[in-house]
Structure formats: structure tokens, C-alpha cells
Amino acid sequence: MAETDKVFAGSIPKFYDTLMVPLIFEAYALDMAELVAASSPGAVLETAAGSGVVTRALAPRLGAGARYVVTDLNQPMLDYAATRQGDGADGNSGSSTGNINIEWRQADALKLPFEDASFDVVCCQFGAMFFPDRTAGYAEARRVLRPGGRFVFNVWDRIEENAFADEVTNAMAGLFPQDPPRFLARTPHGYHDVALIREDLSRAGFASIQIDTREKLSRSPSAREVATAYCQGTPLRNEIESRDANALQLATDRAAQAIASRHGEGPVAGKIQAHVIVAAG
């Protein structure tokens, strides 16, 4: 993973939340919120929370008085998530959603600043792909879980199973044939091998591992909006601008053309697919 793969700064958080979240993340966030809340946990830790789509879905489902700690390594994303959650959330102090007190805290998922056995559930939506050492990240999740606790997370399936991401990546290869931007294939869609995921979790000490591959449909009002989401709302933007500082609009145009050629000029829909994992023990 390149260093730029982890940079969510500038205007990226806003584009990410307003465009990428409804495009591909929201439906899986609802699934995760349901999975996490099903056991009525008294204490939940969310890692790699991004712009807070899971936080917004999960907080209203938790029981009165539950502790909910929301973390991310990237402070700009965490700040944005806190502002989206509701009044009084400033990214540095607790905020309240109904009877739930949310604690926002910058934290590295590989070095969690929490005591052993502190949480009933640790959840992480589409963050494990960014861990430089996934087994270490999983071991940290297990360390802070109480006996009987669950680690709930998801990762994207291979890029060929995710239509828009694949089409944008191919369009970028056409625009920069000598040095194709590969962020989407390399990182978000680079950790999809189910056998490897099981092996990493087992090495981290998890004994019970359930993996469910879920296909959904991604929808958008236009190919242009999809292209803007991927090219300007993810670290793909960093790769484009590193190749040509003035090429962002051209790259967005090429991506929009590629998507429209496959899905039409009006509202578009494309397949997305991810693995949803629940680990315990």
C-alpha cells in the first residue's frame, strides 16, 4: 500500500461522505449496524470509522447507557464524522445521540489505547484493507474484547466484482498508460481472499470465524456523479494529481465516459460485492 492510499484530507472527506457513502457504503453500514446491535452490547468500539456512516446507523440502535467509542487514524475524517453526527459533536469531546454517549478519539487500530477486555463488540467497516499489519490489527481487536465478544468487520471483494470501481480503474489506465493509478485495485479491493482472511484471523487468536459474501446494487443519479465520487472523494485523487496536477477534471471526464458507455446517460446502477465477517473466541 502506498502512503498516499491513507491520505483522506482537503476536500476528500466531504466528497467521500456526500458521494461515496450513499453510492457504496450506506447499505453495508445498515447491515453492520444490525449485526452489532443484535447482541445488545453494553460497550462498542468502532475502528477506522471514516466519515461516520456506521456510527450514524448504529448509535440509535444501541441500548440506553451503552458506551460507544468511535475512532479513526485520520483526524480530518474523524472531525468530519463528528460534525455529521449531531449537535455538540466537535470531534474532541463526547456527543450524545439519544441516550448514547459517543466518544470520538483518534486512534491507530494496530495500537489501541484501551485496556484489555473493555468492549463487547469491535466493529470496522472497510478499514482492514488499510491495515499495514492485519494480523496485528485483529489481535488488538481481540485483546480489547471481553470474553464472548465479537469482532464484526467487512472488506470489499475483488475489483472485478465491483462494476464502477473496475470501470474507473480501467479508465485511469487509458489516461495514464505509462503509470496507471491503481489505488482502487491495490487497497480497497486488494484484500479479498477469503482463505487469507481466515488465516489472518486465526493467527490473531480467533477460533470462530463466519464469512458471508453479500452482493448489492450501487445506484447513482448519473455516471458523472459516480466518476466524481471515485476520482475526487477517495485517495485516487492523490494518485491522479501526482501524475498531472491539472488532470483531475480530465480524469473525472474519462471515468464518467467509461461508466456512461456501460450503464447509460441517465441514472446508473452497478454491482458491488463485499465479505462480511464475524469473528469470536
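**Student:** Which parts of the structure should I look at to understand the overall build of the chain?
**Tutor:** Regarding its fold elements, the chain presents ten helices and eight strands. For 281 residues, the compact-globule estimate of 2.2 N^0.38 gives 19 Å, and the chain sits close to it at 18 Å. Expressed as lengths along the three principal axes of its C-alpha atoms, the size of the chain is roughly 50 × 45 × 30 Å. A burial count over the chain gives 55% of its 281 residues as buried. Contacts spanning at least 24 positions in sequence make up 80% of the contacts within the chain whose residues lie at least 6 apart. Total accessible area computed for the chain in this model is approximately 11500 Å², and 47% of it derives from carbon and sulfur atoms. On the chain, the mean spot of the 27 positive side-chain charges and the mean spot of the 35 negative ones are 2 Å from each other.

**Student:** Sorry, what's going on with the packing of aromatic side chains here?
**Tutor:** How two aromatic rings sit relative to each other is set out by the distance from centre to centre and by the angle between their planes. For the structure on display, the rule yields twelve aromatic pairs. Note on Phe114 and Phe119: the rings are 5.4 Å apart at their centroids and 90° apart in plane angle, and the pair reads as edge-to-face. One exposure class covers both Phe114 and Phe119, and it is buried. Between Phe126 and Trp156 the ring centres are 4.0 Å apart and the planes differ by 5°, which places this aromatic pair in the stacked class.

**Student:** Whenever I open this one, the nonpolar core confuses me. Can you help?
**Tutor:** One recurring pattern in soluble globular proteins is that nonpolar side chains are buried together. In this structure, Leu58, Tyr68, Tyr138, Phe151, Phe153, Leu201 and Tyr230 are the most contacted members of the largest nonpolar core, which totals 96 residues. When residues of this core are assigned to their parent elements, the largest contribution, 13 residues, is made by helix H1 (residues 12–37). Apart from residues lying up to four places away in sequence, Tyr138 is in contact with Ala128, Phe131, Phe151, Phe153, Tyr191, Asp200, Leu201, Ala204 and Phe206.

**Student:** Is there a simple way to explain the environment of Tyr80 in this structure?
**Tutor:** Along the polypeptide, Tyr80 turns up in helix H3 (residues 75–85). Since its relative accessible area comes to 19%, Tyr80 is described here as buried. With 67 residues separating them in the primary sequence, Tyr80 and Pro13 have C-alpha atoms 6.9 Å apart. Residues in contact with Tyr80, not counting those within four places in the same chain, are Pro13, Lys14, Asp17, Thr18 and Ser51.

**Student:** Quick question: what am I supposed to make of the state of the cysteines here?
**Tutor:** Among covalent bonds in proteins, the disulfide is the one between the sulfur atoms of two cysteines. Tallied over the full model, the rule gives zero disulfides. Looking at Cys123, it has no disulfide partner, and the nearest cysteine sulfur is the one in Cys124, 7.7 Å off. With relative accessibility at 0%, the residue Cys123 sits in the buried group.

**Student:** It is not clear to me how the packing of helix H8 (residues 223–232) against helix H9 (residues 236–243) should be interpreted in this structure. Could you clarify?
**Tutor:** Packed helices, taken two at a time, are described by the angle their axes make and the gap between the axes. Here H8 crosses H9 at 75°, and the two axes come no closer than 6 Å. Of the possible angle classes, the one that applies to H8 and H9 is roughly perpendicular. Residue-level contacts link Tyr230, Cys231 and Gln232 of H8 to Leu236, Arg237 and Ile240 of H9. Counted by class, the contact of H8 with H9 contains four nonpolar, one polar and one charged residues.

**Student:** Help me understand the pairing of strand S1 (residues 43–46), please; the structure alone is not making it clear to me.
**Tutor:** Side-chain positions along a regular strand alternate between the two faces of the sheet. Along S1, one buried face is formed by Ala43 and Leu45 and the opposite face, lined by Val44 and Glu46, is buried too. With four bridges joining them, S1 and strand S2 (residues 67–72) adopt parallel strand pairing. Paired with Glu46 across the strands is Val70, a residue of S2. The sheet contact formed by S1 and strand S5 (residues 119–125) spans three bridges and is parallel. Note on S5: the bridge partner recorded for Leu45 is Val122.

Criteria and thresholds
- Residues numbered from 1 in each chain as written.
- Predicted model: local features only at pLDDT ≥ 70, side-chain atom pairs only at ≥ 80, totals over all residues.
- Heavy atoms only, no water.
- Helix = DSSP H or I, 4+ residues; strand = E, 2+ residues; numbered from the N terminus.
- Rg over C-alpha atoms; globule rule 2.2 N^0.38 Å.
- Buried < 20%, exposed > 50% of the residue type's maximum accessible area, 1.4 Å probe, protein only.
- Contact = heavy atoms within 4.5 Å.
- Areas by Shrake-Rupley, 256 points an atom, 1.4 Å probe, with all protein chains shown as cover.
- Lys, Arg positive; Asp, Glu negative; His and termini not counted.
- Charge placed at Lys NZ, Arg CZ, Asp CG, Glu CD.
- Phe/Tyr/Trp six-rings, centres within 6.5 Å; stacked < 30°, edge-to-face > 60°.
- Core = buried A, V, L, I, M, F, W, Y, C linked by side-chain atoms within 4.5 Å.
- Disulfide = S-S within 2.5 Å.
- Axes fitted to C-alpha atoms, helices over the stretch in contact; angles between N-to-C directions.
- Parallel < 35°, antiparallel > 145°, perpendicular 65-115°, else oblique.
- Nonpolar A, V, L, I, M, F, W, Y, C, P; charged D, E, K, R; others polar.
- Pairing = 2+ DSSP bridges.

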